[in-house]
Amino acid sequence: MGFWRKLNGYVHMNCKQATEMYSRSVDDALPFREKVRFYIHYFACAPCRFYVAQLKWLDRAMTHYRSLSRDGKFQPVRVLPSDARERILSAVSNSERS
Ligand SMILES: [Zn+2]
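What you are looking at is a predicted structure, and each value in this text was computed from that prediction instead of being measured. (Residues numbered from 1 in each chain as written. Predicted model: local features only at pLDDT ≥ 70, side-chain atom pairs only at ≥ 80, totals over all residues.)

Draft legend 1. Summary view of the overall build of the chain. What the chain contains, in helices and strands, is 5 helices and 0 strands. Going from N to C terminus, the chain has its helices and strands arranged as α-α-α-α-α. Taking 2.2 N^0.38 as the reference for a compact globule, 98 residues should give roughly 13 Å; the C-alpha atoms of the chain span a radius of gyration of 23 Å, well beyond that estimate. Along the longest, intermediate and shortest principal axes, the C-alpha atoms of the chain span 65 × 35 × 25 Å. Per-residue burial over the chain gives 10% buried out of 98 residues. (Helix = DSSP H or I, 4+ residues; strand = E, 2+ residues; numbered from the N terminus. Rg over C-alpha atoms; globule rule 2.2 N^0.38 Å. Buried ≥ 20, exposed ≤ 12 C-beta atoms within 10 Å, placed from the backbone.)

This is the structure in structure tokens:
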């Protein structure tokens, strides 16, 4: 058993508690004691490290998206050609009438 896993046995924290604690730490700074408990679990637990990495990636993506839309550089991708869009809209409005 690795060092961090052994230590995690002493702090008694499961993944649910760790991820809730991480979410709270985004809005408010955790007390030092809680921070230590969280990091012991974090270093012992690969799924929690993966979860935190995903949240950080999502946060960076949202920050990037916001900065692009603020500068007006963000152009949404239109997957649907405009004529197809028109056909769908008219079909919907026709079916609403009948
Ligand atoms: Zn975990």
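Draft legend 2. Structural view of the packing of helix H2 (residues 15–27) against helix H4 (residues 46–70). Close contact between H2 and H4 brings their axes to 10 Å; oriented N to C, the two are set at 25°. What the angle tells us is that H2 and H4 run roughly parallel. In this structure, H2 crosses over H4, and the sense of that crossing is right-handed. Contacts from Cys15, Ala18, Thr19 and Tyr22 in H2 reach Pro47, Cys48, Tyr51 and Val52 in H4. Counted by class, the contact of H2 with H4 contains 7 nonpolar, 1 polar and no charged residues. (Axes fitted to C-alpha atoms, helices over the stretch in contact; angles between N-to-C directions. Parallel < 35°, antiparallel > 145°, perpendicular 65-115°, else oblique. Left-handed = near helix turned anticlockwise from the far one by under 90°. Contact = placed C-beta atoms within 7 Å. Nonpolar A, V, L, I, M, F, W, Y, C, P; charged D, E, K, R; others polar.)

Draft legend 3. Inspection of the environment of arginine 37 at higher detail. Position of arginine 37 among the secondary structure elements: in helix H3 (residues 32–44). Exposure remark for arginine 37: the 20 C-beta atoms within 10 Å place this residue in the buried category.

Draft legend 4. A look at the nonpolar core. Core analysis: the biggest nonpolar cluster contains 7 residues, these being Met13, Ala18, Phe38, Ile40, Ala44, Cys45 and Cys48. Counting residues per element, this core draws most heavily on H3, which supplies 3 residues. Discounting chain neighbours no more than four positions away, the residues touching phenylalanine 38 are Ala18, Met21, Tyr22 and Leu30. (Core = buried A, V, L, I, M, F, W, Y, C linked by C-beta atoms within 7 Å.)

Draft legend 5. Quick look at unusual backbone geometry. Phi angles above zero are rare outside glycine, and histidine 12 is one such case at about 50°. Mapped onto the elements, histidine 12 comes out in the loop between helix H1 (3–11) and H2. Judged by the 9 C-beta atoms lying within 10 Å of it, histidine 12 is exposed.

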